[in-house]
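Structural description and commentary
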Amino acid sequence: MAYKTKEWRNAMRVTVDYNYMMSRSLGDKGITDSELRAIKDKAEQAFDYVNDKRGRDDLYMGWTELPYNQDAIVSDILATAKEIRKKFKYFVVLGIGGSALGPSMVFNALKHLHHNELPPKLRGGPKFYVEDNVDPVRMQALLDVIEPEKTCFNVISKSGATSETMAQFLIIADILEKKGVNLADNMIFTTDACRGNLIKIDDKFGGKFKKYVLPDGVGGRFSELCPVGLLPAAVLGIDIKGMLAGAAYMDSICSKPNIAKNPALACAALMYITMQQGKNIHVLMPYSDNLKLMADWYCQLWAESIGKAVDYAGNTVNAGTTPVKSLGVTDQHSQVQLYIEGPYDKVITFISVKNYGTQMPIAYGYDDIPDVGFLGGHTMQELIQAENKATAYALMRAGRMNYTINMPEVNAFTLGQLMFMLELQTAYAGAMLGIDTFNQPGVENGKKATFALLGKKGYENKKREIDSAPPLDEKYIV
């Protein structure tokens with residue numbers, strides 16, 4: 001996929017610096033070159049496994065081909081988005097999990113941080129909301145600030161059986177119908193190609209709903225680069241071709257089974273080694289408010305993919321590390337104390353930005369107060385970058401493992417690179433651990449219990465199981 005010039009693409013390359021993971025910086029607290037060499041074969045086997053399974057829908061590996069196989073879909077999405085911007089004042093995503101975290105993350109990353117408060121001419125499109133929970137207060141708050149009849153609702157559920165999404169749908173559908181609005185005029189479905197409950201609902205309307213396909217081989221947490229994320233982004237005027245081009249560019253960078261040349265494989269190898277050392281907490285700390293929700297998106301990607309009870313051989317492994325979201329500089333004042341002086345059980349991943357959207361000069365003043373005056377003449381970009389570098393250095397000096405993902409700037413192309421690199425890292429790490437990276441049996445068990453508690457047909461045995469559990473003991477309630 002052609003995108004700008006080769007020189008520009010190379011200048012926008014996302015890189016990984018893992019010096020502060022290594023013994024050269026950390027002494028006996030770091031990873032040695034010999035330890036990296038010891039897992040060379042395992043890393044190459046993981047690369048081969050992912051590479052050989054590319055595009056396999058039955059293994060949920062369809063996400064690997066999204067940068068290459070969506071030209072017609074992208075054209076249709078861009079045309080639809082243009083019409084939505086003309087017709088609607090609001091655009092609301094109804095979904096949960098990857099269907100909500102991905103669109104929220106991209107919105108946060110690539111649009112004005114106060115997008116919805118901008119005047120219409122500066123906003124250039126509808127106000128944007130993602131309704132990613134079933135908290136009744138949240139739903140009421142949304143209804144207080146939108147006009148449903150002037151809103152396009154994007155309902156995202158592959159099966160149409162996601163309880164949270166369908167509860168949102170039922171509430172909104174009822175409101176629209178009471179206002180005399182034809183649902184197909186104000187709703188777009190992103191769902192399965194030919195089956196599922198949203199297809200059944202569409203059939204009742206004579207096939208009038210605009211629909212986009214959530215491909216069979218793409219799980220929710222890997223879905224941001226398919227219509228799940230591309231439609232909301234396009235409605236916002238985000239360069240979706242640039243995101244896909246960035247993903248393809250990172251894919252080309254990660255085309256070799258070599259830790260020294262493949263940044264996603266390097267990150268997976270580092271996490272694999274540290275997992276074996278018992279470091280069970282993985283902190284993602286972007287130094288950019290635009291990347292704040294990247295940590296939320298990544299937490300789902302990593303936790304649902306890597307947290308598994310058994311490996312492919314059926315052995316109990318209880319694999320995984322706990323992802324923690326953080327934000328620099330904010331969480332230097334709330335979390336970093338623990339990271340520097342607490343247990344040696346964490347790896348911190350920084351995301352650093354070279355060029356922010358603005359530098360914001362700091363005015364001179366109060367030279368007689370040294371604690372204040374020294375800031376004059378610098379910029380906020382200099383300050384946040386200095387604090388980022390200083391925190392990484394302080395962690396290293398304390399023997400704490402950390403590595404940095406460097407972004408030249410935050411744009412559609414670099415964000416596409418970052419997403420695809422983290423997806424590949426997750427796939428490689430799962431392969432190294434010998435687990436099914438793409439299932440989520442723990443989540444499914446919780447869903448079944450919810451169905452039983454709400455009286456869904458077919459879950460009577462689960463309801464009896466829940467009802468037969470020992471009653472709660474009052475002595476443990478204080």
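These lines cover the structure that appears in this document, whether it is placed above or below. (Residues numbered from 1 in each chain as written. Predicted model: local features only at pLDDT ≥ 70, side-chain atom pairs only at ≥ 80, totals over all residues. Heavy atoms only, no water.)

A few points about the overall build of the chain
A tally of regular secondary structure across the chain gives 21 helices and 12 strands. The principal-axis extent of the C-alpha atoms belonging to the chain is close to 65 × 60 × 60 Å. For the chain, buried positions account for 49% of its 478 residues. Relative to all contacts within the chain whose residues are 6 or more apart in sequence, the contacts with residues 24 or more apart total 75%. Carbon together with sulfur atoms contributes 53% to the accessible area of the chain, which is approximately 22,700 Å² in total. A distance of 4 Å separates the average location of the 53 positive side-chain charges in the chain from that of its 54 negative side-chain charges. (Helix = DSSP H or I, 4+ residues; strand = E, 2+ residues; numbered from the N terminus. Buried < 20%, exposed > 50% of the residue type's maximum accessible area, 1.4 Å probe, protein only. Contact = heavy atoms within 4.5 Å. Areas by Shrake-Rupley, 256 points an atom, 1.4 Å probe, with all protein chains shown as cover. Lys, Arg positive; Asp, Glu negative; His and termini not counted. Charge placed at Lys NZ, Arg CZ, Asp CG, Glu CD.)

So, the pairing of strand β4 (residues 151-156)
Summarising burial for β4: 6 of the 6 residues are buried, a large majority. Alternating positions in β4 separate into two faces, Thr-151, Phe-153 and Val-155 on one and Cys-152, Asn-154 and Ile-156 on the other, with burial throughout. With 5 bridges connecting them, strand β2 (residues 90-94) and β4 associate as parallel partners. Paired with Phe-91 across the strands is Cys-152, a residue of β4. As judged from the 4 bridges shared by β4 and strand β5 (residues 187-191), these two strands associate in the parallel manner. From the neighbouring strand, Val-155 faces β5, where its bridge partner is Phe-189. (Pairing = 2+ DSSP bridges.)

Considerations on the packing of helix α13 (residues 240-253) against helix α19 (residues 412-433)
Two measures define how a pair of helices packs: the angle their axes make with one another and the distance between the axes. Across the interface, α13 lies against α19 with an axial gap of 6 Å and an inter-helix angle of 50 degrees. Comparing their axes, α19 and α13 come out oblique. Read as a crossing pair, α13 and α19 show a hand that is right-handed. Contacts between α13 and α19 involve Gly-242, Met-243, Ala-245, Gly-246, Ala-247, Tyr-249, Met-250, Asp-251 and Ile-253 from the former and Ala-412, Phe-413, Leu-415, Gly-416, Gln-417, Met-419, Phe-420, Met-421 and Leu-424 from the latter. Class assignment for the residues of the contact of α13 with α19 results in 13 nonpolar, 4 polar and 1 charged. (Axes fitted to C-alpha atoms, helices over the stretch in contact; angles between N-to-C directions. Parallel < 35°, antiparallel > 145°, perpendicular 65-115°, else oblique. Left-handed = near helix turned anticlockwise from the far one by under 90°. Nonpolar A, V, L, I, M, F, W, Y, C, P; charged D, E, K, R; others polar.)

Topic: the sheet that holds β5
With parallel pairing, the 5 strands of this open sheet are ordered in space as β3-β2-β4-β5-β6. Because the sheet does not close on itself, it has two edges, and the strands there are β3 (127-131) and β6 (210-213). Neighbour-to-neighbour, the strand axes of this sheet turn through a mean angle of 20 degrees, independent of strand direction. In terms of strand pairing, β5 meets β6 through 4 bridges, oriented parallel. Pairing of Phe-189 across the sheet is with Lys-211, part of β6. Set on the sheet, helix α5 (residues 71-87) makes contact with β2, β4, β5 and β6; between it and β6 the angle comes to about 140 degrees. Packed on one face of the sheet, helix α6 (residues 98-110) meets β2, β3 and β4 and runs near 150 degrees to β3.

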